[in-house]
Amino acid sequence: MSVNKEIKRVTTHILQKMKQDGERISMLTAYDFSMAKIFDDAGMDILLVGDSASNVMAGHETTLPITLDQMIYHAVSVVRAIKRSFVVVDLPFGSYQGNSKEALSSAIRIMKETGAHGIKIEGGEEIIESVKRIISSGIPVMGHLGLTPQSIYKFGTYAVRATEEVEAQKLLSDAKLLQEAGCFAIVLEKIPALLAKQVAEELRIPIIGIGAGKYVDGQVLVMHDMLGINKEFKPRFLRRYLNLYDTILGATKHYIKDVKSRDFPNDSEQY
Ligand code: KIV
């Protein structure tokens, strides 16, 4: 399918059109300038400044510790690099759960201080007032249902969600609520492929999956997983496109060896 590089700037309207035309939407996380620049040059449709930065950038066990200020720092670096991609920033844990007024002021800080194009927020019915309030201020909102990592201590496990009928029905009804509230897209994380298919078929807005199978309108991965920088994380849904851990390890060992042996720098590498 086309990488659609002729699109000057991806917008929510273009994402909606991609769904209508059956063109799959590509989305990847980014947290810094240099990687975001490569992903944008490659033609990525959406860059997500995910709160997974808490895990892959800061080394925390969960996404809970990352702060709004830290998310803003990552987002500013990403936005500085992009020309074409649509940039979405996660509202971190604790920045919106309190009340819809707080949610709006967190979303406004992200939009004002980073120049990003939209925000993502985890949850359904329980956060719908916040979603509506943010959207009514003109900020594009992406929903996130299924395995929502900010609720990991409630779930107790990172296993597949919504395998039981009751949870599946709630997910479907939450997705419809988010659409009616005006979300421009929804991420579905780690749910059965046939449930994700039903959501994608019943909703007008794009559904982006991570571990949600092949029938949805687009796919998202965490960049460290896609590039093989993490060795330990190997869920079934992950396809690794590189084994960067081993490549970087090898290069680093080579550099150490060259320094120790005085091979680097040589005559042509000095002034
Ligand atoms: O923070 C993140 O990286 C995410 C993706 C897993 C969708 O929310």
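Above this text sits the structure in question.
Residues numbered from 1 in each chain as written. Predicted model: local features only at pLDDT ≥ 70, side-chain atom pairs only at ≥ 80, totals over all residues. Heavy atoms only, no water.

(A) Spotlight on the overall build of the protein. Along the backbone of the protein there are 11 helices and 8 strands. Here the C-alpha coordinates of the protein stretch approximately 65 × 40 × 40 Å along the principal axes. By the burial criterion, 50% of the 271 residues in the protein qualify as buried. A separation of at least 24 residues holds for 59% of the contacts in the protein among residues at least 6 apart in sequence. Surface exposure of the protein reaches about 14,000 Å², of which carbon and sulfur atoms provide 56%. (Helix = DSSP H or I, 4+ residues; strand = E, 2+ residues; numbered from the N terminus. Buried < 20%, exposed > 50% of the residue type's maximum accessible area, 1.4 Å probe, protein only. Contact = heavy atoms within 4.5 Å. Areas by Shrake-Rupley, 256 points an atom, 1.4 Å probe, with all protein chains shown as cover.)

(B) Spatial organisation of the site of the ligand. Around the ligand, a shell composed of Thr29, Leu48, Gly50, Asp51, Ser52, Asp90, Lys120, His144, Glu189, Ile210 and Val222 is seen. Within the side chain of Asp51, one N or O atom sits 3.0 Å away from an oxygen atom of the ligand. Here Asp90 contributes a side-chain N or O atom positioned 3.1 Å from an oxygen atom of the ligand. Here the ligand has 260 Å² of accessible area as a free molecule, and 96% of this is covered by the chains. Here the shell around the ligand is built from residues that sort into 3 nonpolar, 4 polar and 4 charged. (Near = heavy atom within 4 Å. Polar contact = N/O pair within 3.5 Å; in protein donor to acceptor, adjacent residues only side chain to side chain. Nonpolar A, V, L, I, M, F, W, Y, C, P; charged D, E, K, R; others polar.)

(C) A look at the nonpolar core. Counting 64 residues, the largest nonpolar core has Ile119, Ile121, Val131, Ile134, Ile186 and Leu188 as its most contacted members. In terms of residues, this core owes the most to one element, helix H4 (residues 68-81), which gives 7 residues. Setting aside residues up to four positions removed in sequence, Val131 forms contacts with Ile121, Val141, Leu178, Ala181 and Cys183. (Core = buried A, V, L, I, M, F, W, Y, C linked by side-chain atoms within 4.5 Å.)

(D) Summary view of the environment of Thr29. The residue Thr29 is located in strand S1 (residues 25-29) in this model. Ignoring any residue separated from it by four or fewer positions in sequence, one finds Thr29 in contact with Phe39, Leu48, Ser52, Leu221, Val222 and Met223. Among the polar contacts listed, one links the side chain of Thr29 to the backbone nitrogen of Met223, at a separation of 2.8 Å.

(E) How the structure looks around a nonpolar patch on the surface. Taken together, the side chains of Tyr255, Ile256, Val259 and Phe264 present a nonpolar region at the surface, about 380 Å² in accessible area. Tracing the backbone shows Tyr255 in helix H11 (residues 244-260). (Patch = residues over 30% accessible without salt bridge, like charges linked within 9 Å, V, L, I, M, F, W, Y side chains within 5 Å. Salt bridge = Lys/Arg side-chain N within 4 Å of Asp/Glu carboxyl O.)

(F) Up close: the packing of aromatic side chains. On inspection of all chains with the given rule, the structure shows 3 aromatic pairs. Measuring from ring centre to ring centre gives 6.4 Å for Phe233 and Phe237, while their planes differ by 70°; the resulting arrangement is edge-to-face. For Phe237, a relative accessible area of 26% translates into the label partly exposed. Lying across the ring of Phe155, Arg161 places its NZ or CZ 4.0 Å from the centre. The side chain of Lys197 reaches across the aromatic face of Tyr215, ending 5.5 Å from its centre. (Phe/Tyr/Trp six-rings, centres within 6.5 Å; stacked < 30°, edge-to-face > 60°. Lys NZ or Arg CZ within 6 Å of the ring centre and 35° of its normal.)

(G) Inspection of the side chain of Thr63 at higher detail. Tracing the chain through its elements places Thr63 in the loop between helix H3 (53-56) and H4. Among the residues examined, Thr63 registers a relative accessible area of 4% and is labelled buried. Setting aside its immediate chain neighbours within four residues, Thr63 contacts Asp51, Ser52, Ser54, Asn55, Pro149 and Gln150.

(H) Molecular detail of helix H6 (residues 128-136). Among the residues making up H6, those that are buried are Ile128, Ser130, Val131, Ile134 and Ile135. Taken down its axis, H6 places every buried residue within 160° of arc, on the same side. Summarising the geometry of H6, the exposed residues directed more than 90 degrees from the buried face are Glu129 and Ser136. In this structure, the buried side of H6 is in contact with helix H5 (100-114), strand S4 (118-122), strand S5 (141-146) and helix H8 (165-181). Two residues or fewer past H6, Gly138 is found with a positive phi of approximately 95°. (Arc of directions from axis to C-beta.)

As far as function goes, none of this settles anything; it's purely spatial.
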